[in-house]
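# Observations on the three-dimensional arrangement
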Amino acid sequence: MCGFLNIINFKSNENNYESIFKEFKKINQRGPDNTKKVKIKNYTAMFHRLSIIDLKMRSNQPMFSSCKRYLLTFNGEIYNFIELRKYLQNKGLKFNTKSDSEVVLNGFKKEGAKFVKKLRGMYAFTIWDNKEKKLYAFRDRLGQKPLYYHKSENQIIIASEIKYIKLVINKLKINYKTVYDFIVDANLDKNNNTFFKEIFKVPAANYFVIKNSRISKKKYWFLKLSEKKHFNLDDFKEKFEHNLKIHLRSDVPISFTCSGGMDSTSLLITSKKICKKNFFSISYLNNLDEIKVLDNLKKKYTLNHNFIKFGKFSENKFNDMLHHHDEPFHSLAIYYHYLARKFLRKKGYKILINGEGADEVLGGYNSSLYPHLCRIKNLSKLDLNKMINFYNLDKKICQKILDEKKYAYERIKLNFSNILNQKYLKQRKNSFKKKIIYFDSLKKFLKYKILNLDLPYILRFEDINSMANSIESRTPFVDHKLIEYVFSIKTKYFLKKNTTKYMLKNYWLKHIDGNYSKKKYQRPSAHNQEFIRYMKKTLVKFKNSEDKLINIKSVLDLIKNNKINFNLLFRIFIYYKWKDKNDF
């Protein structure tokens, strides 16, 4: 896991970017083990390395191919690199390191851009072709690793973080369409725009080819939906455990977050069985039911599990965390998430395995029942009422879906007219509209959550919080091979016998624990009075500031009269903190 900055200057070969490299070296949380710069005429590559596989200097980057034609900057982890190395060796390729980075470099050297289709992992990387004077930029299928770019008349910049791009360009503008989507719909990372008008994301499952200031884009993976297979527990076990086994490849110690719920606990206990070793794991000391579940599992499997308790909310720690985030987020849970990773780094761990993505991939949300109703035939009123009561669903929504055979998904239902600048919105009425998205099946809904709605945001904050503490975070549920397998299984196995995540639950009962807790893991509460006071105090400081979209005086009136939704208040608060941080 690392961080890089690539600059192609179309106008000059002279700029050595020494002042920028000096500042780049200071922002080394993504890779404190080694920092290096390579310049080839009008192309410059800067790199921070976090050593995970092959810790020796020979695997430092930027890395040249043996023929010196190609230069690699690679951030991420290739989980099938051992198999790919053997494949390439059989084709005559020689290796000077044991790293996964050299596997990527040699694979590209042998097969070109199509080699990316053989990669299984999380990655964002660039390869400079010094003969053709082209830059290739690749991003993994699910967007686990970030990759941003900026294009101007004189240059193209590609980087692992927005703050790296800001070292090169100073004047940026707010993207108010992104702000609107965030404030009104609580949407983040749903497309390739950022909160900065001039900075964009390289789309997941895509690669760029850049030559002579022209960018061409190609998508190399699509998530297909099918109903081919019945669920088979033995088959699921083989796929789940193999996927986890290759996620455990590392030359440094591994830690886990474990809440006591199925997702993270199944990863921890299965990993212990596979590797026959005791991993260090943590959870928040928060919920008595979770503590009881974990204590029982701890005794049964002799886990090296540790409960961590956070003290009172700290403004200083919150601002330390905020320093690492280049864009807003919509929950205080991100703060506790950051503190947990800070704790793990102090314990000396560089790798964290977590259960993020399981709900999106395996159908863990009760709301998944809504689009699922579109395909259910001959549902009796008795069975419908049972589903409504068990899953805590809205009866009116359910009946509307059954009548119309489609689910109208609207993320937030609040009236924003009193806090938004209506004059500004009317001038741009075609750009600023709330959108209702319709789904007629569970899999289409989950696919949207994976590719557009929830998972991209989850992966962003997971990457930033972990890398802020020089930790590589691995998410085994967000594996394209596992997802392809799961999405080939008939929909009825996602939600069956009054349970969500039916497939994983079956695995749990057979191979982990005969008991199953239905208690949902809860992060520490965001609704604490200290933090609410801090938000109010912060927003008062901006009472005389102007914003094209938000009427801050109306917001302050709502706060004064206790008439503002907490989550909306948080989004407005974090937006103003972000503006202040970026001097907007």
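It should be noted that the structure appears before, not after, this text.
Turning next to the packing of helix H13 (residues 381–391) against helix H14 (residues 395–404). Geometrically, a packed helix pair is captured by the angle between its two axes and the distance between the axes. Contact pair H13 / H14: the axes reach a minimum separation of 10 Å and the direction vectors enclose 135°. Judged by the angle between their axes, H13 and H14 are oblique. As H13 runs across H14, the sense of the crossing is right-handed. Contact residues: H13 offers Leu384, Asn385 and Ile388, while H14 offers Lys395, Cys398, Gln399 and Leu402. A class-by-class count of the residues in the contact of H13 with H14 yields four nonpolar, two polar and one charged.

Before going further, it helps to spend a moment on the sheet that holds strand S1 (residues 2–9). Overall, antiparallel pairing links the six strands, which are arranged S2-S3-S1-S9-S8-S10 in an open sheet. Each edge of the open sheet carries a strand with a single partner, namely strand S2 (34–40) and strand S10 (200–201). In this structure, S2 lies alongside strand S3 (residues 43–49), joined through seven bridges in antiparallel fashion. Opposite Lys39, over in S3, you have Thr44 as the bridge partner.

A few words on the pattern of salt bridges. In this structure the tally under the stated criterion is 33 salt bridges. Of the charged contacts in the structure, one is a salt bridge between Glu241 and Lys237, with a shortest N-O distance of 3.1 Å. Of the two residues, Glu241 and Lys237 both sit in helix H6 (residues 233–247), four residues apart, roughly one turn of that helix. Among the charged side chains, a salt-bridge network with shared partners connects Arg30, Lys145, Glu161, Lys163, Asp326 and Asp463.

Moving on: the nonpolar core. Of all hydrophobic cores here, the largest spans 185 residues; its most connected members are Leu5, Phe318, Phe531, Leu539 and Tyr575. In terms of residue count, helix H22 (residues 566–581) provides more of this core than any other element does, ten residues in total. Ignoring any residue separated from it by four or fewer positions in sequence, one finds Leu5 in contact with Ile20, Phe24, Thr44, Ala45, Met46, Ile157, Ile158, Ala159, Tyr164 and Val168. One finds Leu135, Tyr149, Ile156 and Val202 within the second-largest nonpolar core, a separate group that totals 20 residues.

What follows deals with the pairing of strand S11 (residues 206–211). Consecutive side chains of a regular strand alternate in pointing toward one face of the sheet and then the other. The element S11 is extensively covered by neighbouring structure, given that five of its six residues are classed as buried. Inspection of the sheet shows strand S7 (residues 134–139) paired to S11 by four bridges, in the antiparallel sense. Residue pairing in the sheet places Leu135 in a bridge with Ile210 of S11. In the sheet, S11 pairs with strand S12 (residues 214–219) via six bridges, with the strands oriented antiparallel. Each bridged residue has a counterpart across the sheet, and for Phe208 the counterpart in S12 is Lys217.

With respect to the helices and strands, Ile458 occurs in helix H17 (residues 455–467). Assessed through its relative accessible area of 12%, Ile458 is described here as buried. Note: C-alpha distance between Ile458 and Lys346 (112 residues apart in sequence) is 24 Å. Here Ile458 is in contact with Glu356 and Glu360, once residues within four sequence places are set aside.

As a further point, take the packing of aromatic side chains. Under the counting rule described, the total for this entry stands at 57 aromatic pairs. By way of ring pairs, the aromatic residues Phe310, Phe313, Phe318, Phe329, Tyr335, Tyr336, Phe531, Tyr534, Phe570 and Phe573 are connected into one cluster. Positioned above the aromatic ring of Phe95 is the side chain of Arg85, whose terminal nitrogen or guanidinium carbon lies 5.7 Å from the ring centre. Between Lys449 and the ring centre of Tyr365, over which it is positioned, the NZ or CZ distance is 4.5 Å.

Glancing now at the sheet that holds strand S5 (residues 70–78). With respect to topology, six strands assemble into an open sheet ordered S4-S5-S6-S7-S11-S12, the strand pairing being antiparallel. Both edges of this open sheet fall to strand S4 (63–64) and S12, since each of them pairs with a single strand only. Direction of pairing for S5 relative to strand S6 (residues 121–129): antiparallel, over a ladder of nine bridges. Across the sheet, Thr73 pairs through a bridge with Thr126, a residue of S6. The strands touched by helix H3 (residues 100–111) are S4, S5, S6 and S7; relative to S5, the strand with the most contacts, the crossing angle is about 130°.

Residue position: Lys577 is located in helix H22. Of note is the side chain of Lys577, whose polar atom sits 3.0 Å from the side chain of Tyr534. Not counting residues up to four positions away in its chain, the partners in contact with Lys577 are Asn319, Leu322, Tyr534 and Thr538.

Mapped onto the elements of the fold, Ser255 is located in strand S13 (residues 254–257). By relative accessible area, Ser255 is classed as buried at 0%. Ignoring anything within four residues of it in the chain, the contact list for Ser255 reads Phe280, Leu344, Tyr349, Ile351, Leu352 and Ile353.

Each turn of an α-helix holds 3.6 residues, which means side chains three or four residues apart point in the same direction. Burial runs high along helix H5 (residues 176–185): nine of the ten residues are buried. Every buried residue of H5 is listed here: Tyr176, Thr178, Val179, Tyr180, Asp181, Phe182, Ile183, Val184 and Asp185. Lining the buried residues of H5 we find helix H15 (422–427) and H22. Sitting at the amino-terminal end of H5 is Asn175, which places a side-chain oxygen 3.2 Å from the backbone nitrogen of Lys177. Just beyond H5, the residue with positive phi is Ala186, at close to 60°.

Following the sequence through the fold, Phe343 ends up in helix H10 (residues 333–346). For Phe343, a relative accessible area of 27% corresponds to the partly exposed category. Through-space distance from the C-alpha of Phe343 to that of Ile282 is 9.4 Å; in sequence the pair is 61 residues apart. With near-sequence residues (within four places) excluded, Phe343 lies in contact with Phe280, Ile282 and Ile308.

This part takes up the pairing of strand S9 (residues 155–159). Taking burial as the measure, the five residues of S9 include five buried ones, the bulk of the element. Every second residue of S9 is oriented toward a common face, with Gln155, Ile157 and Ala159 on one face and Ile156 and Ile158 on the other, all of them buried. As paired elements, S1 and S9 share five bridges and run antiparallel to each other. Looking across to S9, one finds that Asn9 is bridged to Gln155. The pairing of strand S8 (residues 148–151) with S9 spans four bridges and is classified as antiparallel. Looking at S9, one finds that Tyr148 is bridged to Ala159.

Conventions adopted
Residues numbered from 1 in each chain as written. Predicted model: local features only at pLDDT ≥ 70, side-chain atom pairs only at ≥ 80, totals over all residues. Heavy atoms only, no water. Axes fitted to C-alpha atoms, helices over the stretch in contact; angles between N-to-C directions. Helix = DSSP H or I, 4+ residues; strand = E, 2+ residues; numbered from the N terminus. Parallel < 35°, antiparallel > 145°, perpendicular 65-115°, else oblique. Left-handed = near helix turned anticlockwise from the far one by under 90°. Contact = heavy atoms within 4.5 Å. Nonpolar A, V, L, I, M, F, W, Y, C, P; charged D, E, K, R; others polar. Pairing = 2+ DSSP bridges. Salt bridge = Lys/Arg side-chain N within 4 Å of Asp/Glu carboxyl O. Core = buried A, V, L, I, M, F, W, Y, C linked by side-chain atoms within 4.5 Å. Buried < 20%, exposed > 50% of the residue type's maximum accessible area, 1.4 Å probe, protein only. Phe/Tyr/Trp six-rings, centres within 6.5 Å; stacked < 30°, edge-to-face > 60°. Lys NZ or Arg CZ within 6 Å of the ring centre and 35° of its normal. Polar contact = N/O pair within 3.5 Å; in protein donor to acceptor, adjacent residues only side chain to side chain.

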